[in-house]
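A structural walkthrough
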Amino acid sequence: MSYEKFGRRFFEIAVTENRIGAAFTPLAGEDFEIGPLATGPGGMVKVQANVSMGRPVITRYVNELITFKVRLPLSINLVVDLRVDRLRYDVTGVVPLDLTVRAVEPLSIHIDVDTPRPRDVQVGVASHGARAEMVRFVAQVDDEIKRVIAKHVAQQVRTPEIRRACVIDVAGELDKVMPT
């Protein structure tokens, strides 16, 4: 077997859906709150959301480069407090992440993550009542949800924990099992 064929085969075995999933486990099952945020004229409107991130769905593509499509499912309970009424929304959606695996000097595997943009985030919003539906349309609630979720996921992907999981020091690991 040639060195090139060995290296390619090593990558295909070393970088699997399960290993990528383990790197993104901190995002899975994460529940967090957003708000209350004051918005609207004079900050009169308060918005609060309870967000749950589900287990990622990961698909691997083996071509010239090894890439992954990670889909993070989410559900949100959103409340918009207008002082005279509390509008409720149930939101489901998916945050896509594109990953590319690269070989890096001296002997490491790096997983590059393309952070999501608001337009990448997919949401389905169910309004509770006609007034909630009207406010959803006028206030562009769907777009604001996408913006906030994309920003949060981008921040999480840049955390030290996730960044460390995206670098595999092959030389360091070999030294642990076979000291020089």
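Remember, it's a predicted structure, so these values are computed and weren't measured experimentally. (Residues numbered from 1 in each chain as written. Predicted model: local features only at pLDDT ≥ 70, side-chain atom pairs only at ≥ 80, totals over all residues. Heavy atoms only, no water.)

Quick notes on the confidence of the model for the protein chain
Heads up, the condition is: For every residue, the pLDDT score states the predictor's confidence, bounded by 0 at the bottom and 100 at the top. What counts as a helix is a DSSP run of H or I of at least four residues, what counts as a strand is a run of E of at least two, and both are numbered from the N terminus.
Mean pLDDT over the protein chain: 88, with 97% of residues reaching 70 or higher. For the protein chain, the element scoring lowest by mean pLDDT is strand β1 (residues 31-39), at 82; strand β7 (residues 122-127) scores highest, at 95.

Some remarks on the pattern of salt bridges
Defined as follows: In what follows, salt bridge is the name for a side-chain nitrogen of Lys or Arg lying within 4 Å of a carboxyl oxygen of Asp or Glu. When a residue's accessible area, from a 1.4 Å probe over protein chains only, is under 20% of the maximum for its type it is buried; when over 50% it is exposed; and in between it is partly exposed.
Using the criterion set out here, one finds 11 salt bridges in the structure. Here Asp 142 ties to Arg 136 by a salt bridge, and the two come within 2.7 Å at their closest N and O atoms. One exposure class covers both Asp 142 and Arg 136, and it is buried. The salt bridge involving Glu 144 is made with Arg 147; its shortest N-O contact spans 2.5 Å. Of this pair, Glu 144 and Arg 147 both sit in helix α4 (residues 141-157), separated by three residues, roughly a single helical turn. A cluster of three or more residues bridged by salt bridges with shared partners is formed by Arg 8, Arg 9 and Glu 12.

A few points about the side chain of Arg 136
Keep this limit in mind: Only heavy atoms matter for contacts: two residues are in contact if any of them lie within 4.5 Å across the pair.
Its place among the elements puts Arg 136 in helix α3 (residues 130-138). Not counting residues within four places of it along the chain, the set of residues in contact with Arg 136 comprises Tyr 89, Val 125, Ser 127, Val 141 and Asp 142.

Structural notes on the pairing of strand β4 (residues 66-81)
To be explicit about the condition: When DSSP locates at least two bridges between a pair of strands, those strands are taken to pair.
Direction of pairing for strand β2 (residues 45-53) relative to β4: antiparallel, over a ladder of eight bridges. Following the sheet pairing, Met 53 is matched in β4 by Leu 74. With six bridges joining them, strand β3 (residues 57-62) and β4 adopt antiparallel strand pairing. When the bridges of β4 are listed, Ile 58 appears paired with Val 70. Linking β3 back to β4 in an antiparallel pair, the connection comprises three residues. Direction of pairing for β4 relative to strand β5 (residues 86-104): antiparallel, over a ladder of 16 bridges. Among the inter-strand pairings, Lys 69 is bridged to a residue of β5, identified as Asp 98.

Overview of the layout of surface pockets
Our working definition: Put plainly, a pocket is an open set of points on a 1 Å grid over the protein atoms alone with protein on both sides within 12 Å along at least five of seven lines, a cavity is a set where a 1.4 Å probe fits but cannot get out, and a lining residue has an atom within 4 Å of a point. Grid points are joined across faces, edges and corners, and a volume is the space filled by probe spheres set on the points.
Roughly 420 Å³ of internal volume is contained in the largest pocket. For the largest pocket, the lining is made up of 22 residues, of which Thr 39, Val 47, Val 80, Val 141 and Glu 144 are closest to its centre. Going through the elements one at a time, β1, β2, β4 and α4 are the ones with two or more residues in the lining of the largest pocket. It is α4 that contributes the most residues to the lining of the largest pocket, six residues altogether.

Quick word on the nonpolar core
Rules: We define a nonpolar core as any set of buried Ala, Val, Leu, Ile, Met, Phe, Trp, Tyr and Cys residues linked to one another through side-chain atoms lying within 4.5 Å.
Grouped together as the largest cluster of nonpolar side chains are 44 residues, with contacts concentrated most on Ile 20, Phe 24, Ile 76, Tyr 89, Ile 145 and Ile 149. Examining the composition of this core, we find that eight residues originate from one element, β4, more than from any other.

A word on α3
This is how it is decided: The arc refers to the directions leading from the helix axis to the C-beta atoms.
Where α3 is concerned, the buried positions are Ala 132, Val 135 and Arg 136. Along the axis of α3, the buried residues cluster in a sector spanning 105°; they form a single face. Turned more than 90 degrees off the buried face of α3, the exposed positions are Ala 130, Met 134, Phe 137 and Val 138. Note on α3: the residue one or two positions beyond its end, Gln 140, has a positive phi of about 50°.

Some remarks on unusual backbone geometry
Following Gly 35, the chain continues into Pro 36 via a peptide bond in cis, with omega recorded as 10°. Within the secondary structure, Pro 36 sits in strand β1. Pro 106 follows Glu 105 through a cis peptide bond whose omega is 0°. Mapped onto the elements, Pro 106 comes out in the loop between β5 and β6 (108-114). Residues other than glycine seldom take positive phi values, yet Arg 83 does so here, at roughly 75°. Assignment of secondary structure puts Arg 83 in the loop between β4 and β5. For Arg 83, a relative accessible area of 59% gives the class exposed. A positive phi angle is found at Gln 140, which is not glycine, with a value near 50°.

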